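# Topology and contacts: notes
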2 protein chains.
Amino acid sequence: MRPNKRDELVRKALQVFYKSGFHATGMDKLVVETGVSKTSMYKHFRTKEELILAALRLRDENFRNWFLRRVQELADTPAEQLLASFDALGEWFNEDGFRGCMFIKAGAEFQEKEHPIHVQAAEHKRALLEYFTDLARKAGARNPEALGCQILLLKEGAIVTAVLLKSCDPARDAKAAARVLLDAALA
Amino acid sequence: MRPNKRDELVRKALQVFYKSGFHATGMDKLVVETGVSKTSMYKHFRTKEELILAALRLRDENFRNWFLRRVQELADTPAEQLLASFDALGEWFNEDGFRGCMFIKAGAEFQEKEHPIHVQAAEHKRALLEYFTDLARKAGARNPEALGCQILLLKEGAIVTAVLLKSCDPARDAKAAARVLLDAALA
DNA sequence: GCAAAACTTTACCGATCAGTACACATTAAC
DNA sequence: GTTAATGTGTACTGATCGGTAAAGTTTTGC
């Protein structure tokens, strides 16, 4: 039960869940995709739910690492970073394999508020809310909690719209909106 | 094969799909819930997909009817109606059975862009985008397409956030953001 | 080298999946 | 009243669901 083997399984499962959904992806399919036997899979993860939770943890780590780093590369000051967030999102939307936000989808497929998967999806969003609120505070916004939440609303809305309406450019419109909100919060 | 019987089946299926999801809801469960036999169910709907599409059509009709009417009740001028949209959303979020947006969930479970269910979910969002754009135009916004899209982003973001983060009040923050954006678009 | 632990495969479990064959019941036409 | 069309319930199909028992193979510690 080498730990790197487990990581490899989680990585592959993440890909398949992201592309095909949670309920629609059976353990048999994952077994075929990973090339491992079913028994081995269940040695590493006691249930499918445990595997999904592990995949979500990895996704949270990957996405936040990428996003925060990318935003830092794109801008220096907190105010500029708030706006640059939407440039980073725009890059993500244009990636080949873009299929929306894994945590929105997880929350949609596991809707009971107490469900561990739903809870973990909520934690991801809460972490991003804190990130935005922190930037808003450092930028000197009058009400950083409100501005942080509004930036989050724009981000989530942009993701959903990027998935469902290919015709418009949500990252651009969201960035323009964020600029207006930011200016108003600093004035 | 009375047509009203079919409507009743769609209505019930809509409830179950909304509460439990699409893949997670089997036809057997729907048969039990509706009290009709499986054969009858498949006389009305040739496949599960056809039933889902019918449920989504009903949901689109119900939601748009309710939303547009409620907004009209809450405000008179187009500008005020844009803002009142978020009061209507807030009422929806506080309803007992609130489980998020059925079309976001449908788009999340059926991700292939050409899939009929995905297409139908996208059409719902497009209709709402047109509604907001229309209001923005009537309100005299400088760039009604951009403002309409931004209002839509706030709405979708508010829905997602209402599902995943119970602690904050997305309808309030979204309305405040919409007011700032509206003022900026009219100035 | 030897034994225990770790890991694997094969074959299977009962439950449920979407969908159907077929016989039985009901209605309507005349 | 008979016939034909329509609707219904029972019982089933093969496939797949999440998960497991048991036996074989490889690795590890000493």
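Just so it is clear, the structure is predicted and the values come from calculations on it, not from any experiment.

Within chain A, the secondary structure is distributed over nine helices and zero strands. For chain A, the N- to C-terminal ordering of α and β elements is α-α-α-α-α-α-α-α-α. In terms of principal-axis extent, the alpha carbons of chain A reach across some 60 × 35 × 30 Å. Out of the 187 residues belonging to chain A, those deemed buried represent 57%. Of the contacts made within chain A by residues no fewer than 6 positions apart, 64% connect residues no fewer than 24 positions apart. When the accessible surface of chain A is summed, it comes to about 8,400 Å², and 49% of that surface belongs to carbon and sulfur atoms.

Residues and elements named next belong to chain A. In this structure, Lys175 sits in helix α9 (residues 170–186). Only 2.8 Å separates the side chain of Lys175 from the side chain of Asp87, close enough to count as a polar contact. Not counting the four nearest positions on each side in its chain, Lys175 is found in contact with Leu83, Phe86 and Asp87.

Okay, the interface of chain A and chain B next. At the interface, 46 residues of chain A touch 46 residues of chain B. When the two sides are added together, the surface that chain A and chain B hide from each other amounts to roughly 3,700 Å², 69% of it contributed by carbon and sulfur. When the buried area of chain A at its contact with chain B is split by residue, A:Gln111, A:Leu153 and A:Leu164 rank highest and sum to 18% of it. Between the two partners, chain A and chain B, sit ten residue pairs in polar contact (both at pLDDT 80 or more). Contributing elements (two or more residues each) for the side of chain A that touches chain B: α1 (3–20), α6 (102–109), α7 (116–139), α8 (144–164) and α9 of chain A. Per-element accounting of the side of chain A that touches chain B gives the leading share, 13 residues, to α8(A). In the side of chain A that touches chain B, the residues fall into 26 nonpolar, ten polar and ten charged.

Quick look at the packing of aromatic side chains now. Applying the stated criterion across every chain, the model contains 24 aromatic pairs over all chains. Look at B:Phe17 and B:Phe22: their rings are 5.3 Å apart centre to centre, the planes differ by 35 degrees, and that puts the pair in the tilted class. The same class applies to B:Phe17 as to B:Phe22, namely buried. Measuring from centroid to centroid gives 5.9 Å for B:Trp92 and B:Phe93, while their planes differ by 40 degrees, and the two rings are tilted. Like B:Trp92, the residue B:Phe93 is buried in the burial classification. A connected cluster of aromatic rings, assembled from ring pairs, spans A:Phe63, A:Trp66, A:Phe67, A:Trp92, A:Phe93, A:Phe98, A:Tyr131 and A:Phe132. The lysine or arginine in question, A:Arg59, covers the ring of A:Tyr18, its NZ or CZ lying 4.7 Å from the ring centre. Its guanidinium or amino end placed over the ring of B:Tyr18, B:Lys105 lies 4.2 Å from that ring's centre, counting from NZ or CZ.

Looking now at the environment of B:Phe93. All names here are of chain B. One can find Phe93 in helix α5 (residues 78–93). Between the C-alpha atom of Phe93 and that of Leu182, which follows or precedes it by 89 residues, the distance is 23 Å. Each residue touching Phe93, except ones within four places of it in the same chain, is listed here: Phe98, Ala158, Ile159, Ala162, Pro170 and Ala171.

The next thing to look at is the UniProt feature "DNA-binding region" (unreviewed entry) in chain A. UniProt records the feature "DNA-binding region" (unreviewed entry) at residues 26–45 of chain A, using the numbering of this structure. The span residues 26–45 of chain A shows a helical share of 75% and a strand share of 0%, and its end C-alpha atoms are spaced 14 Å apart.

Pairing between side chains of opposite charge can happen when the charged atoms of each approach one another. The final tally for this structure, using the stated rule, is 30 salt bridges over all chains. When the shortest N-O distance is used, the salt bridge between B:Arg137 and B:Glu145 registers 3.3 Å. By relative accessible area, which is 43% here, B:Arg137 ends up partly exposed. Overlapping salt bridges, with partners in common, bring together A:Arg69, A:Arg70, A:Glu73 and A:Glu91 in one network.

Moving on, we get to the relation of the copies chain A and chain B. Superposing chain A onto chain B takes a rotation of 180 degrees combined with a translation of 0.0 Å along the rotation axis, leaving an RMSD of 0.0 Å. Such a turn and shift between the copies fits a two-fold axis. Scanning chain A for the C-alpha nearest the rotation axis identifies A:Gly157, at a separation of 1.9 Å. Comparing contact sets, 100% of the residues at the interface of chain A also lie at the interface in chain B, consistent with an isologous, same-surface contact.

Moving on: the packing of helix α4 (residues 48–74) of chain B against helix α7 (residues 116–139) of chain B. All names here are of chain B. In the contact formed by α4 and α7, the axes pass within 10 Å of each other and the chain directions differ by 10 degrees. The angle between α4 and α7 places the two elements in the roughly parallel class. On α7, the residues touching Glu49, Ile52, Leu53, Leu56, Arg57, Asp60, Phe63, Arg64, Phe67, Leu68 and Val71 of α4 are Pro116, Ile117, Gln120, His124, Ala127, Leu128, Tyr131 and Phe132. Of the residues assigned to the contact of α4 with α7, the class counts are 13 nonpolar, two polar and four charged.

An α-helical turn contains 3.6 residues, so any two residues separated by three or four positions project in the same direction. Taking 1.5 Å per residue, 21 residues should reach 30 Å; α8(A) reaches 30 Å between its end C-alpha atoms and fits that length. The element α8(A) is largely enclosed, with a buried count of 20 among its 21 residues.

Glancing now at helix α6 (residues 102–109) of chain B. Counting buried positions over the eight residues of α6(B) gives eight, a clear majority of the element. Considered for burial, the residues of α6(B) that qualify are B:Met102, B:Phe103, B:Ile104, B:Lys105, B:Ala106, B:Gly107, B:Ala108 and B:Glu109.

All names here are of chain A. Positionally, Glu8 belongs in helix α1. Here Glu8 falls in the partly exposed class, since its relative accessible area comes to 41%. Residues Glu8 and Thr34, 26 residues apart in the sequence, show an inter-C-alpha distance of 8.5 Å.

Cut-offs used in this document
- Residues numbered from 1 in each chain as written.
- Chains lettered and ligands numbered in written order.
- Predicted model: local features only at pLDDT ≥ 70, side-chain atom pairs only at ≥ 80, totals over all residues.
- Heavy atoms only, no water.
- Helix = DSSP H or I, 4+ residues; strand = E, 2+ residues; numbered from the N terminus.
- Buried < 20%, exposed > 50% of the residue type's maximum accessible area, 1.4 Å probe, protein only.
- Contact = heavy atoms within 4.5 Å.
- Areas by Shrake-Rupley, 256 points an atom, 1.4 Å probe, with all protein chains shown as cover.
- Polar contact = N/O pair within 3.5 Å; in protein donor to acceptor, adjacent residues only side chain to side chain.
- Buried area = accessible area lost by both parts, 1.4 Å probe.
- Nonpolar A, V, L, I, M, F, W, Y, C, P; charged D, E, K, R; others polar.
- Phe/Tyr/Trp six-rings, centres within 6.5 Å; stacked < 30°, edge-to-face > 60°.
- Lys NZ or Arg CZ within 6 Å of the ring centre and 35° of its normal.
- UniProt positions renumbered as here; feature names shortened; annotations may be inferred.
- Salt bridge = Lys/Arg side-chain N within 4 Å of Asp/Glu carboxyl O.
- Least-squares fit on C-alpha atoms with pLDDT ≥ 70 in both.
- Axes fitted to C-alpha atoms, helices over the stretch in contact; angles between N-to-C directions.
- Parallel < 35°, antiparallel > 145°, perpendicular 65-115°, else oblique.
- Expected span 1.5 Å × (residues − 1).

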